4 protein chains.
Amino acid sequence: MIIVIKPQTPTIEVHRIINELSHYPVNIEKIQGKYKVVIGLVGETNSINLENIQQISPCIEQMIRVKQPFKRASLEYRHGEPSEIAVPTPNGIVTFGQNHPLVVVAGPCSVENEEMIVETAQVVKASGAQFLRGGAYKPRTSPYAFQGHGESALYLLAKAREATGLGIITEVMDTSDLEVVAQFADVVQIGARNMQNFSLLKKAGATLKPILLKRGMSATIEEWLMAAEYILAAGNPNVILCERGIRNFDRQYTRNTLDLSVVPVLRTLTHLPIMIDPSHGTGYSQYVPTMAKASVAAGTDSLMIEVHPNPSSALSDGPQSLTPADFVELMQEIHSLAQYFGRGKAFSTATTVQLRAACINV
Amino acid sequence: MIIVIKPQTPTIEVHRIINELSHYPVNIEKIQGKYKVVIGLVGETNSINLENIQQISPCIEQMIRVKQPFKRASLEYRHGEPSEIAVPTPNGIVTFGQNHPLVVVAGPCSVENEEMIVETAQVVKASGAQFLRGGAYKPRTSPYAFQGHGESALYLLAKAREATGLGIITEVMDTSDLEVVAQFADVVQIGARNMQNFSLLKKAGATLKPILLKRGMSATIEEWLMAAEYILAAGNPNVILCERGIRNFDRQYTRNTLDLSVVPVLRTLTHLPIMIDPSHGTGYSQYVPTMAKASVAAGTDSLMIEVHPNPSSALSDGPQSLTPADFVELMQEIHSLAQYFGRGKAFSTATTVQLRAACINV
Amino acid sequence: MIIVIKPQTPTIEVHRIINELSHYPVNIEKIQGKYKVVIGLVGETNSINLENIQQISPCIEQMIRVKQPFKRASLEYRHGEPSEIAVPTPNGIVTFGQNHPLVVVAGPCSVENEEMIVETAQVVKASGAQFLRGGAYKPRTSPYAFQGHGESALYLLAKAREATGLGIITEVMDTSDLEVVAQFADVVQIGARNMQNFSLLKKAGATLKPILLKRGMSATIEEWLMAAEYILAAGNPNVILCERGIRNFDRQYTRNTLDLSVVPVLRTLTHLPIMIDPSHGTGYSQYVPTMAKASVAAGTDSLMIEVHPNPSSALSDGPQSLTPADFVELMQEIHSLAQYFGRGKAFSTATTVQLRAACINV
Amino acid sequence: MIIVIKPQTPTIEVHRIINELSHYPVNIEKIQGKYKVVIGLVGETNSINLENIQQISPCIEQMIRVKQPFKRASLEYRHGEPSEIAVPTPNGIVTFGQNHPLVVVAGPCSVENEEMIVETAQVVKASGAQFLRGGAYKPRTSPYAFQGHGESALYLLAKAREATGLGIITEVMDTSDLEVVAQFADVVQIGARNMQNFSLLKKAGATLKPILLKRGMSATIEEWLMAAEYILAAGNPNVILCERGIRNFDRQYTRNTLDLSVVPVLRTLTHLPIMIDPSHGTGYSQYVPTMAKASVAAGTDSLMIEVHPNPSSALSDGPQSLTPADFVELMQEIHSLAQYFGRGKAFSTATTVQLRAACINV
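Throughout this description, residue numbers start from 1 for each chain and increase along the sequence as written. Each chain is given a letter, starting from A, and each ligand a number, starting from 1, according to the order in which they appear as written. Selection of residues for local features in this predicted model requires a pLDDT of at least 70, selection of side-chain atom pairs for listing and counting requires 80 or more, and totals for whole chains, interfaces and linings are taken over all residues. With hydrogens and water stripped out, all remaining heavy atoms of the structure feed into the side-chain values.

Some thoughts on the packing of aromatic side chains
Turning to step 1, where the next piece is worked out: Here the aromatic set is Phe, Tyr and Trp, taking the six-membered ring for Trp, and pairing holds for ring centres within 6.5 Å; pairs whose planes are under 30 degrees apart are stacked, those over 60 apart are edge-to-face, and all others are tilted. Applying the stated criterion across every chain yields a total of 22 aromatic pairs over all chains.
Turning to step 2, where the next piece is worked out: Look at B:Tyr284 and B:Tyr287: their rings are 6.2 Å apart centre to centre, the planes differ by 75°, and that puts the pair in the edge-to-face class.
Turning to step 3, where the next piece is worked out: With a 1.4 Å probe rolled over the protein chains alone, any residue whose accessible area is under 20% of its type maximum counts as buried; one over 50% counts as exposed, and the rest are partly exposed. Judged by relative accessible area, which is 5%, B:Tyr287 ranks as buried.
Turning to step 4, where the next piece is worked out: For the pair C:Tyr340 and C:Phe341, a centre-to-centre distance of 5.0 Å together with 85° between the ring planes defines the contact as edge-to-face.
Turning to step 5, where the next piece is worked out: When its relative accessible area of 26% is taken as the criterion, C:Phe341 is described as partly exposed.
Turning to step 6, where the next piece is worked out: Among the aromatic residues, those joined into a ring-pair cluster are A:Tyr340, A:Phe341, B:Tyr340 and B:Phe341.

Things to note about the relation of the copies chain A and chain B
Turning to step 1, where the next piece is worked out: Least-squares superposition of the copies uses the C-alpha atoms of those residues scoring a pLDDT of at least 70 in each of them. Of the transformation superimposing chain A on chain B, the axial component is 0.0 Å and the angular component is 180°, with the fit at an RMSD of 0.0 Å. The relationship between the two copies is best expressed as a two-fold rotation axis. Taking the C-alpha atom as reference, chain A places A:Ala294 closest to the rotation axis, 2.2 Å from it.
Turning to step 2, where the next piece is worked out: Any two residues whose heavy atoms approach within 4.5 Å are treated as being in contact. A share of 100% of the interface residues of chain A reappears at the interface of chain B, consistent with the copies meeting face to face through the same patch.

Topic: the relation of the copies chain A and chain C
Turning to step 1, where the next piece is worked out: Note on the identical chains: chain A maps onto chain C by a rotation of 180° and an axial translation of 0.0 Å, with an RMSD of 0.0 Å.
Turning to step 2, where the next piece is worked out: The share of interface residues of chain A whose copies in chain C are also at the interface is 100%, consistent with both copies meeting through the same surface.

Focus on the domain arrangement of chain A
Turning to step 1, where the next piece is worked out: Throughout, the edges of the domains are those of an automatic or database domain assignment. Entries for chain A in the domain assignment read domain 1 (2–65) and domain 2 (84–360).
Turning to step 2, where the next piece is worked out: Taking the mean C-alpha position of each, domain 1 of chain A and domain 2 of chain A sit 36 Å from one another.

Observations concerning the interface of chain A and chain C
Turning to step 1, where the next piece is worked out: Taken together, the four residues of chain A in the interface contact four residues of chain C.
Turning to step 2, where the next piece is worked out: By convention, the term buried area covers the 1.4 Å-probe accessible surface removed from two parts as they join, with the contributions of both added. By the criterion of area lost to chain C, the three top residues of chain A are A:Arg247, A:Phe249 and A:Arg251, representing 91% of everything that side buries.
Turning to step 3, where the next piece is worked out: Salt bridge, as used here, is a side-chain nitrogen of Lys or Arg placed within 4 Å of a carboxyl oxygen of Asp or Glu. Inspection of the region where chain A meets chain C yields zero salt bridges.
Turning to step 4, where the next piece is worked out: The definition of a polar contact used here is a pair of N or O atoms within 3.5 Å, where within protein one atom must be able to donate a hydrogen and the other to accept one, and adjacent residues in sequence count solely through side-chain atom pairs. Applying the counting rule to chain A against chain C returns two residue pairs in polar contact (both at pLDDT 80 or more).

A look at the sheet that holds strand S4 (residues 60–64) of chain D
Residues and elements named next belong to chain D.
Turning to step 1, where the next piece is worked out: Here, a strand pair is defined by DSSP locating no fewer than two bridges between the strands. Helical segments are the DSSP runs of H or I of at least four residues, strand segments are the runs of E of at least two, and each set is numbered from the N terminus. Read across the open sheet, the four strands follow the order S2-S3-S1-S4; overall the sheet is antiparallel. Looking at strand neighbours, the two that pair on one side only are strand S2 (26–32) and S4, the edges of this open sheet. Neighbour-to-neighbour, the strand axes of the sheet open up by a mean angle of 20°, direction not taken into account.
Turning to step 2, where the next piece is worked out: As paired strands, strand S1 (residues 2–5) and strand S3 (residues 37–43) are joined by three bridges and run antiparallel to one another. Bridge pairing in S3 links isoleucine 2 to glycine 40. Working convention: axes come from line fits to C-alpha atoms, limited for helices to the stretch in contact. Angles between N-to-C directions cover 0 to 180 degrees.

Things to note about the pattern of salt bridges
Turning to step 1, where the next piece is worked out: Taken as a whole and judged by the stated rule, the model has 67 salt bridges over all chains.
Turning to step 2, where the next piece is worked out: For C:Glu306, the salt bridge goes to C:Arg133, with nearest N and O atoms at 3.4 Å. One end of the pair, C:Glu306, is in strand S14 (residues 302–306); the other, C:Arg133, is in strand S8 (residues 131–133), and 173 residues separate them in sequence. The pair C:Glu306 / C:Arg133 is uniform in exposure class, with both members buried.
Turning to step 3, where the next piece is worked out: For D:Glu13, the salt bridge is made with D:Arg16, and the minimal N-O distance between the two is 2.9 Å. Note that D:Glu13 and D:Arg16 are positioned in helix H1 (residues 11–21) at a spacing of three residues, about one turn of the helix.
Turning to step 4, where the next piece is worked out: Residue D:Arg16 is classed as partly exposed on the basis of its relative accessible area, which comes to 34%.
Turning to step 5, where the next piece is worked out: In the salt-bridge network here, residues are joined through shared partners; they are A:Arg215, A:Glu243, A:Asp259 and B:Asp250.

Written out as structure tokens, the structure is:
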């Protein structure tokens, strides 16, 4: 349940209320919204008598029981106010959230070598995106496929970060790698196959590093939010939800089915920011630009797009990677469309000439 | 296979070529594109020797074997040129096609009574949409649910058509009703549950009435195009493909999963125009505006949206129907977005004041 | 709701009760069970006061409201007693039902010619099966594939029936063919693609011919029972439910996913008899014997198995058809397993020598 | 690819062949079958010239390239011979394999306390089953649900093992727990949600402990075999595949869809033994006995069944757990059916009286 505090209540009174609540056998959390403070209570709240709570202070405006099984992830838990996840990057703080400009994450599936990742990062930077993605540890269906360069790839990502100022998003696959990944990444990704790797979720919840939580291949929306709840319950409020396509009966023309309706659905259920990954969502680069634009129109807070200097020779996911030229062209369309929807300010101001140049260099 | 004829070839030579081809045991069709004529051959074309064909005339530019199992529906069959389906309505000819403005179809799930359908039609008209939808024959899961008013509802649709000049789209469920439905409808709808009712498809192919073919609940894209092929093969080239959501494992928050990626996928496979139905696709009116906008950004040729004067008392599909006020508001956003994407000309020029008035009257 | 009448109540009193009930605005049906009479009431029963009903007669034992949306198909509607569907065939009456021996239906996908269907029928007969299946009207994904020989194939089925005494099961695809199909078939099949062809269901409900209702490719169990309810509500109580595999995400090794758990689930929901079709359910003949045996162990009331004199040259569904030799071998295993489960009496007594002979002749 | 060695080839010659092969850049494995030795080569085998190989020795009978992406898991890799996984337990060695008696694993979802696990183990033992299952680490959708007693539960399993002589099967969820779980378990389970936790698979492959690999909720059969391949490729040949139901569109009456056709399909693809879990597969105890029998008829090598002394108060999975009485009754049916199919010898010889007693004690 949540306790909404009246505006202008002095901080000292909020703390007194929290103190009074502390003898209940529940977890208590103070949520500082833009206009109001909300106190969240998670645990055996059924036995709590609402009248007793009301008597604690006249500064209590309202008490609401959260009916959803995901408590901290629920929209009610923040009394309807969207989360803002501010990520410091060398180029400045980038904020994921419904009232913020569209954030774009781009890069190759895997970090292959220094030249490749740095040059891709330069294209990504020049296009106006804010984050570079690139896999060091790769979940591959076959044990005989390229498994990623592991820790050494993290060093290459650091070089690309240094060269461009972009934030870094990379995936962690194992609890024992979390610490090192968190050192190098600005946002740590938990992939679709690990969405219900509860050990990993708990450990990710024990840091404060922003976590990008991809939806499992056949995860329901409720299961996805419950996976986020694992992270939130462990103390980390910085979770971004990423839709990357779900499994369906027809896999002839697309690798997955991009479920764009999660955007309006999640808006009614959770305060967490949303990312859409049309590259995995469709599996083929030719469909990515259209679905990226549709994602912006659906109101996503961010996009993740795979780009590779030479998709046909990529060590993984080549068919779904855009070329630098196609990516730069798409980013111009995305930029304009984000502006149309009032979410266009986050982009850097590289001119078209600079963009073309960046692209040609690769 | 197709035979592409060189531009400027005299019609008499085209006919001579067709005549020469007529001794092959295949079906021959002349397809008049915007710039070129293409001759389509369907049947046992494997045995045809391409060199022999080439010798028929120097005006033959190219011969291409269509590898897809859907021949007439394939993009190759029209040599890459999108179909245009021009539908005469009292307000003028409305054309469905990739190079034409966005077409909007709106109305209630079922035709309930004269007052309700005429007033809804007036809102639909005033909002700038071109077609009124409304069910006379309703496919309902339960035999005890309202089954539609049948033929008498067709007369009410005719009145709404007369009152507003809108074209009429309504569903046929049985071969024996096709004739009467085709008399009243400008476009005849074949619903998702009948997508593989092959008897109905064949009979629909024997008219020239435009057919709106909804995708079956769990139909693959190939099965959907093969269903269209039934209609095309029977001689009716006027098929519009309508995505209305597919069945998936998660049905807690949406009734179906709207598969928007069909838009870019179908563009690579077929020349047929595309419609998206976000009302059935999501099942809840609160998600319809967002998904309608995403559909426009994805490049759909048309939209189908359910609107009802009083959704909570609707005889069917109330939860997914917009109120007139919400519909009018959405249409203004759609109008603007379609213009942004260069597909905005089809809308009528009712002013905002007129729109509001239309909406208030209901 | 249902009204359970006490055992030994005189028929005249039952009719008096029915008469008393007739002024309620509901449909009334008398269901003669083995031990008891049950009176079914379908319609607006919420407004019926149970005390008033009880006062009609002391012979009323119990009144139960059916909560399921499928009323007549529900197990409660027959007060827990399974239906028995007795089908007269030239060889005698064959009864489908939970307390009856296993019934086997076998034959080719399509009726191809007289010799083929009569010889297959002889194998089917000699193996101990009771029904011959064979398609006259074929639902095919492609308009260019063999569509069945239509009405003329019905005459060939009649010849096979005459030659062997087997009952005939064949599919109807269109309301306009129902009459002629019902003349030739002992059981009329409605296929998976037409499970929600409500016009066809209603018309099938207007005959008394037993109907084999295949589950739609992605139909939920509730939707399937609601489709059966359409037939029952129209007055035909003779419906057999046939599971034939559902659509799933993995179609690499099987065509469909045979959902055998429908057997125990349906037993808790409905009184209707169950058939399993492992041929369509798996799509490959090599998997059919195993799944046929699993179906018997799961307690199915009947099996449908495709057999063809020469699968590799079949006009349709060759890959899933057993050869006569494999079918005869399977039937011996099935026979023995059905006996193990106490459901083995329905088989004819052809000796192994006769079986081998029948098989060799083909 | 594999190299089949002629029967009666001296071991020294086999080793000479392996030695000759060792300069190819591939992994080489000697597989000792019942009648023949097969040498497996995994890696870049495309460049290997078959004629050169043949010349190594006249004792080479045949060379076969494995076309499946799963090399070591493929049936070809063992030249068609099923694997046998012999697991030492206090009661003796229990072998999982196609030519061995049916093995039954039973027990509660979670280990709740000592009394409960020991008493359940006694029922399981008395019923004739060979393994006790019980979760120490529990993957739960909600972070607020019971997460298992962890390591302390392993000690309780050890007590139950000591008391009954049953082998122990329990799940590992995290690489860091593998070592301790492997100390206590006779077979280590990797659950459905971790089927593509590749770090865990690799680590499981680095032990020789038998691994029970559950199929992921929406894993294709190929993905499942590729997950097994991770374990095999890391050096552990002892993998048992467990089907536990897949996700589907209809979840109203069953929790998952038990895909029994995996049994005949896997028989054509792999040599690994198969287990079926009808408890998770259906999700409701009332459907478990029927599906357990169907699984035996389908030819499974083993069964996993949840049993709990008091299902309604279970800390997890109560609805799908059998009572001891129902379990004992089912085991008698299973015993008889396994005998019918020639797979009955593995059961202990507790008399019916002993079974009843065991059951009553709980």
